[in-house]
Amino acid sequence: MEDLSQLCIHTITTKPWSIEESSERFAEAGVQGITVWRDALEGRDIAQTGDRLRNLGLSVVSLCRGGFFPASSAEKRQAAIDDNKRAIDEAAALGAPMVVLVCGAEPSQSLAASRRQIREGIEAVLPHAEANQVQVTIEPLHPMYADTRSAVNTLGQANDMAEMINSPWVGIARDVYHLWWDDQRQSEIARCGRNGNLSAFHVCDWRVPTEDFLLDRGLMGEGCINVPQIREWVEEADFDGFMEVEIFSNRYWSMDQGEFLDQIVEAYRKHV
Ligand code: ZN
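Fair warning: this is a prediction, and the values are worked out from it, not measured in the lab.

Another aspect to go through is the overall build of the chain. In terms of regular secondary structure, the chain is built from ten helices and eight strands. In terms of C-alpha radius of gyration, the chain reaches 18 Å, essentially the compact-globule figure of 19 Å for 272 residues. Counting only C-alpha atoms and orienting by the principal axes, one finds that the chain spans roughly 45 × 45 × 35 Å. Every one of the 272 residues in the chain was classed for burial, and the buried ones make up 56%. Partitioning the contacts of the chain with sequence separation of at least 6, the portion at a separation of at least 24 is 80%. Here the chain displays about 11200 Å² of accessible surface, and carbon together with sulfur accounts for 46% of that area. If you average the places of the 25 positive and of the 43 negative side-chain charges in the chain, the two averages end up 4 Å apart.

Right, let's get into the side chain of Arg-38. For Arg-38, the position within the fold is in the loop between strand E2 (33–37) and helix H2 (46–55). Ignoring any residue separated from it by four or fewer positions in sequence, one finds Arg-38 in contact with Leu-63, Cys-64, Arg-65, Asp-83, Arg-86, Ala-87 and Glu-90.

Protein coordination at the zinc ion: the donors are Glu-139 (OE), Asp-175 (OD), His-202 (ND1) and Glu-246 (OE), at 2.0 to 2.2 Å from the metal. Each of the four donor atoms bound to the zinc ion contributes to angles spanning 84 to 159°, and the resulting shape is irregular. Motif for the zinc ion, donor spacing along one chain: E-x35-D-x26-H-x43-E. Placement of the pair is Glu-139 in the loop between strand E5 (135–138) and helix H5 (155–165) and Asp-175 in strand E6 (residues 170–175), with a sequence separation of 36 residues. The same class applies to Glu-139 as to Asp-175, namely buried.

It is worth spelling out the sheet that holds E5 at this point. The eight strands lie next to each other as E1-E2-E3-E4-E5-E6-E7-E8, forming a closed barrel whose pairing is parallel. For this sheet, the mean inter-axis angle between neighbouring strands, taken without regard to orientation, is 30°. Relative to E5, strand E4 (residues 98–102) runs parallel, the two being bridged by four bridges. Among the inter-strand pairings, Met-98 is bridged to a residue of E5, identified as Gln-135. On the sheet, H5 packs against E5 and E6 and is oriented at approximately 170° with respect to E6.

It is worth spelling out the pattern of salt bridges at this point. Tallied over the entire structure, the rule returns 19 salt bridges. Here Arg-191 and Asp-160 are joined by a salt bridge, their closest N and O atoms 2.6 Å apart. Of the two residues, Arg-191 is situated in helix H7 (residues 185–194) and Asp-160 in helix H5; the sequence distance between them amounts to 31 residues. Note on Arg-191: relative accessible area 16%, which makes it buried. Its salt-bridge partner being Glu-222, residue Arg-251 comes within 3.5 Å of it at the nearest N-O pair. One end of the pair, Arg-251, is in helix H9 (residues 250–253); the other, Glu-222, is in the loop between strand E7 (198–203) and helix H8 (227–236), with 29 residues separating them in the sequence. We classify Glu-222 as partly exposed; its relative accessible area is 28%. Through salt bridges with shared partners, one network takes in Arg-38, Asp-83, Arg-86 and Glu-90.

A separate point is the layout of surface pockets. By volume, the largest pocket amounts to about 230 Å³. What lines the largest pocket is a set of 19 residues, among which Trp-37, Arg-65, Arg-149, Leu-214 and Phe-248 lie closest to the centre. When residues of the lining of the largest pocket are traced back to their parent elements, those giving at least two are strand E3 (59–67) and E4. By residue class, the composition of the lining of the largest pocket is eleven nonpolar, one polar and seven charged.

For the pair H7 and H8, interaxial distance at closest approach is 8 Å and the crossing angle is 30°. Our classification of the angle between H7 and H8 gives roughly parallel. When the axes of H7 and H8 are compared, the crossing they make is right-handed. For the pair formed by H7 and H8, the contact residues are Arg-185, Gln-186 and Ile-189 on the first element and Ile-230, Trp-233 and Val-234 on the second.

Turning next to the state of the cysteines. A full pass over the atoms with the stated rule returns zero disulfides. Cys-64 carries a free sulfur, and the closest cysteine sulfur to it, the one in Cys-8, is 9.0 Å from it. Given a relative accessible area of 2%, Cys-64 falls into the buried group.

Relative to the 21 Å expected for 15 residues at 1.5 Å per residue, helix H10 (residues 257–271) spans 20 Å between its end C-alpha atoms, a close match to the ideal helical length. Buried within H10 we find Gln-257, Gly-258, Phe-260, Leu-261, Ile-264, Val-265, Ala-267 and Tyr-268. Its buried side turned inward, H10 meets strand E1 (7–10), helix H1 (19–29), H8, strand E8 (243–245) and H9. Capping of H10 at its N-terminal end is provided by Asp-256; its side-chain oxygen lies 3.0 Å from the backbone amide nitrogen of Gly-258.

The rules behind the values
- Residues numbered from 1 in each chain as written.
- Predicted model: local features only at pLDDT ≥ 70, side-chain atom pairs only at ≥ 80, totals over all residues.
- Heavy atoms only, no water.
- Helix = DSSP H or I, 4+ residues; strand = E, 2+ residues; numbered from the N terminus.
- Rg over C-alpha atoms; globule rule 2.2 N^0.38 Å.
- Buried < 20%, exposed > 50% of the residue type's maximum accessible area, 1.4 Å probe, protein only.
- Contact = heavy atoms within 4.5 Å.
- Areas by Shrake-Rupley, 256 points an atom, 1.4 Å probe, with all protein chains shown as cover.
- Lys, Arg positive; Asp, Glu negative; His and termini not counted.
- Charge placed at Lys NZ, Arg CZ, Asp CG, Glu CD.
- Donors = N, O, S within 2.8 Å, 3.2 Å for Na, K, Ca; no water.
- Tetrahedral: all angles 85-135°; square planar, octahedral: opposite > 155°, others 65-115°.
- Pairing = 2+ DSSP bridges.
- Axes fitted to C-alpha atoms, helices over the stretch in contact; angles between N-to-C directions.
- Salt bridge = Lys/Arg side-chain N within 4 Å of Asp/Glu carboxyl O.
- 1 Å grid on protein atoms, 1.4 Å probe; cavity = no way out; pocket = protein on both sides within 12 Å on 5 of 7 lines; lining within 4 Å.
- Points joined across faces, edges and corners; volume = space filled by probe spheres on them.
- Nonpolar A, V, L, I, M, F, W, Y, C, P; charged D, E, K, R; others polar.
- Parallel < 35°, antiparallel > 145°, perpendicular 65-115°, else oblique.
- Left-handed = near helix turned anticlockwise from the far one by under 90°.
- Disulfide = S-S within 2.5 Å.
- Expected span 1.5 Å × (residues − 1).
- Polar contact = N/O pair within 3.5 Å; in protein donor to acceptor, adjacent residues only side chain to side chain.

Listed below in structure tokens is the structure:
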């Protein structure tokens, strides 16, 4: 039996619940960590919300999400930098140690050009990140999202970028959904750990067949990803942080969220 001391759940995983309800239910179920999506904070006092989460015994693991740096005009790129600074401010107010980045991509230009703008965007926000003691964390996304969501599609590309920037205020989030297929993943996980860049680990599963490439993620154990194997590699790379359950699913959002939470805890115990 797996204890729950490393179990974290993203607020978006139980999207029908408000952050007040999800945090109470997570704490009751013995979940130890929560990753907060910015939409869950709308209309709230962010600092008070952070205190509320900690008073329930939850660790605030990260804030999702910043990024979307590439754009066709300098004005739009500056607007993205400004929004990322706001995300860093929100993370600082919440007491979250990192902002996870969905880096972005601009389909009218090459992926290499988008990656350059991502690096420039990250470098532009780094002084603000350091001043607020908040890390910005690059999350490589599956290449099916390379058109508009992210030009960083492998852990190798994320490692290259983090090593080039070379700052303790930049890290990498490793999500099994995005990188399960990559035959370089074991060596790139080791490289990520060796360079001190492995900051976060997201889990779910790839359903077969997947009916919606954004909103049909599975519970761990339900699809074709060997999550325990990847967890082992991540731990060999000295990662000892939270296992963050991040599931976007119309199927699960339409069911009773209390029952879904029970299923998450069970899947975590058996398949992570
Ligand atoms: Zn993720």
